[in-house]
Amino acid sequence: NIWISRDFDFFYFVQQWPGSFCDTKKSCCFPLTGKPVSNFSIHGLWPNFSNGSFPSNCNIAENPFNQSKITDLIPRAEKGWASLSCAGSKKTENNKTSSDNTRFWKHEWDKHGTCSDLILDQHAYFEATLNLKDRVDLLQILQYNGIKPDGNLYSIVNITKAITQAIGLEPGITCNTDPSGNRQLNEIYLCADKYASSFIECPILPSRKSCTDMVEFPIF
Ligand code: 5GP
Ligand code: 5GP
């Protein structure tokens, strides 16, 4: 039954802090459009089950990523959903390496978007994701609470509290490790309903075990 094989309970809407993606041993690359603004950016919109498991790569054969279906959304995606990965990167004219936004969007659609494509087609999926980002300004919320991307350490409890108070829903937080081994604020998870039309209380939060009590909030 095709419906059961592509069912899910809710979406994780995941945003990354570019300063943390870049501050690792692997480093990062910028898109051809240049250095992204210093703000959280979209990682993805991921169908998930309430028990924490998730479907992936559901329908690539029949519904592969096709950028011509989202032409009108590209300017918004370039701003809010930039890739910072050097993997599969292109060399630009002056021989610098750049990231490849299209490759990132394709990866996210093929791995995650194809699992919700009975509800959201490609255009609806990308548009809904970009709309979710416009509804919550995580950096503004954190800065209002004195939590700034200045390379200092902040407590996970305070980061969580600031966002919970601002939007009334508890976020998930994950961390990564900088080249000297310090944990830093990497990604913030919010949950959305199956239509990606509103934020909801997360049925299950991602594990915080990648974080220490205090984490760095790197400059970008
Ligand atoms: P990581 O192991 O770096 O946290 O995640 C690697 C990839 O696995 C993510 O980019 C994402 O595609 C997928 N992933 C990790 N955790 C989750 C999750 O809780 N839900 C879903 N739907 N995908 C996840
Ligand atoms: P996931 O499987 O975790 O959803 O997505 C991670 C994949 O997307 C990796 O293959 C990674 O190389 C690629 N990718 C490209 N650009 C980015 C980026 O800016 N951030 C993250 N987290 N992954 C990216």
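Just so it is clear, the structure is predicted and the values come from calculations on it, not from any experiment.

Novice: Which residues make up the overall build of the protein chain, and what values do they have?
Specialist: Looking only at helices and strands, the protein chain has seven helices and nine strands in total. In terms of C-alpha radius of gyration, the protein chain reaches 17 Å, essentially the compact-globule figure of 17 Å for 220 residues. When its C-alpha atoms are laid out on the principal axes, the protein chain stretches across 50 × 45 × 25 Å. The 220 residues of the protein chain split such that 35% are buried. Partitioning the contacts of the protein chain with sequence separation of at least 6, the portion at a separation of at least 24 is 74%.

Novice: Explain the UniProt feature "active site" (unreviewed entry) in the protein chain to me, and be specific about the residues and the numbers.
Specialist: On the UniProt side, "active site" (unreviewed entry) is annotated at positions that read H43, E108 and H112 here. On the basis of their most widely separated C-alpha atoms, the annotated residues across 70 residues gather in one place, lying no more than 11.2 Å apart. Structurally, E108 is set in helix α4 (residues 101-111). Owing to 22 C-beta atoms within 10 Å, E108 belongs among the buried residues under this scheme. Here E108 is in contact with G44 and G113, once residues within four sequence places are set aside. Structurally, H112 can be placed in the loop between α4 and α5 (122-135). Note on H112: 26 C-beta atoms within 10 Å, which makes it buried.

Novice: Requested: an account of the nonpolar core, with residues and values cited.
Specialist: Counting residues in each nonpolar core, the largest one holds 42 residues, and the members touching the most others are F11, Y12, F13, I159, L185 and A192. Listing elements by their share of this core, those giving two or more residues are β1 (10-16), β2 (41-48), α4, α5, α6 (138-144), α7 (156-167), β6 (172-177) and β7 (183-192). Per-element accounting of this core gives the leading share, six residues, to β7. Leaving out residues up to four positions away in the same chain, I159 has contacts with L142, I147, Y154, I173 and L185.

Novice: How would you explain the environment of N145 if you had to name every residue and give the values?
Specialist: As for its position among the elements, N145 is in the loop between α6 and β5 (153-155). Given 16 C-beta atoms within 10 Å, N145 falls into the partly exposed group. It is 18 Å that separates the C-alpha atoms of N145 and N186, two residues lying 41 residues apart in sequence.

Novice: Explain the site of ligand 2 residue by residue, including any values.
Specialist: In the vicinity of ligand 2 there are 13 residues, among which S83, L84, S85, A87 and F104 approach most closely. Where the shell around ligand 2 is concerned, the elements lending two or more residues are β2 and α4. It is α4 that contributes the most residues to the shell around ligand 2, four residues altogether. Across the shell around ligand 2, the residue classes tally to four nonpolar, seven polar and two charged.

Novice: Can you break down α4 residue by residue, with the values?
Specialist: All of the buried residues in α4 are N101, F104, W105, E108 and W109. Down the axis of α4, the smallest arc covering the buried residues is 130 degrees, so these residues share one side. In this structure, the buried residues of α4 make contact with β2, α3 (74-80) and α5.

Novice: Account for the confidence of the model for the protein chain, naming residues and giving values.
Specialist: Per-residue pLDDT for the protein chain has a mean of 95; in total, 95% of the residues score no lower than 70. Here the predicted complex scores 0.96 on pTM and 0.97 on ipTM.

Novice: So what's going on with the environment of S98? Residues and values would help.
Specialist: On the secondary structure map, S98 appears in strand β4 (residues 97-98). C-beta crowding within 10 Å serves as the criterion here: with 17 such atoms nearby, S98 is assigned to the partly exposed category. In sequence terms S98 and N51 are 47 residues apart; their C-alpha atoms lie 38 Å from each other.

Novice: Before we move on, could you go through the pairing of β2 and cite the residues and values that matter?
Specialist: Taking burial as the measure, the eight residues of β2 include seven buried ones, the bulk of the element. The pairing of β1 with β2 spans seven bridges and is classified as antiparallel. Of the residues in β2, the one forming a bridge with F11 is P47.

What counts, and at which threshold
Residues numbered from 1 in each chain as written. Chains lettered and ligands numbered in written order. Predicted model: local features only at pLDDT ≥ 70, side-chain atom pairs only at ≥ 80, totals over all residues. Helix = DSSP H or I, 4+ residues; strand = E, 2+ residues; numbered from the N terminus. Rg over C-alpha atoms; globule rule 2.2 N^0.38 Å. Buried ≥ 20, exposed ≤ 12 C-beta atoms within 10 Å, placed from the backbone. Contact = placed C-beta atoms within 7 Å. UniProt positions renumbered as here; feature names shortened; annotations may be inferred. Core = buried A, V, L, I, M, F, W, Y, C linked by C-beta atoms within 7 Å. Near = placed C-beta within 6 Å. Nonpolar A, V, L, I, M, F, W, Y, C, P; charged D, E, K, R; others polar. Arc of directions from axis to C-beta. pLDDT = per-residue confidence, 0-100. Pairing = 2+ DSSP bridges.

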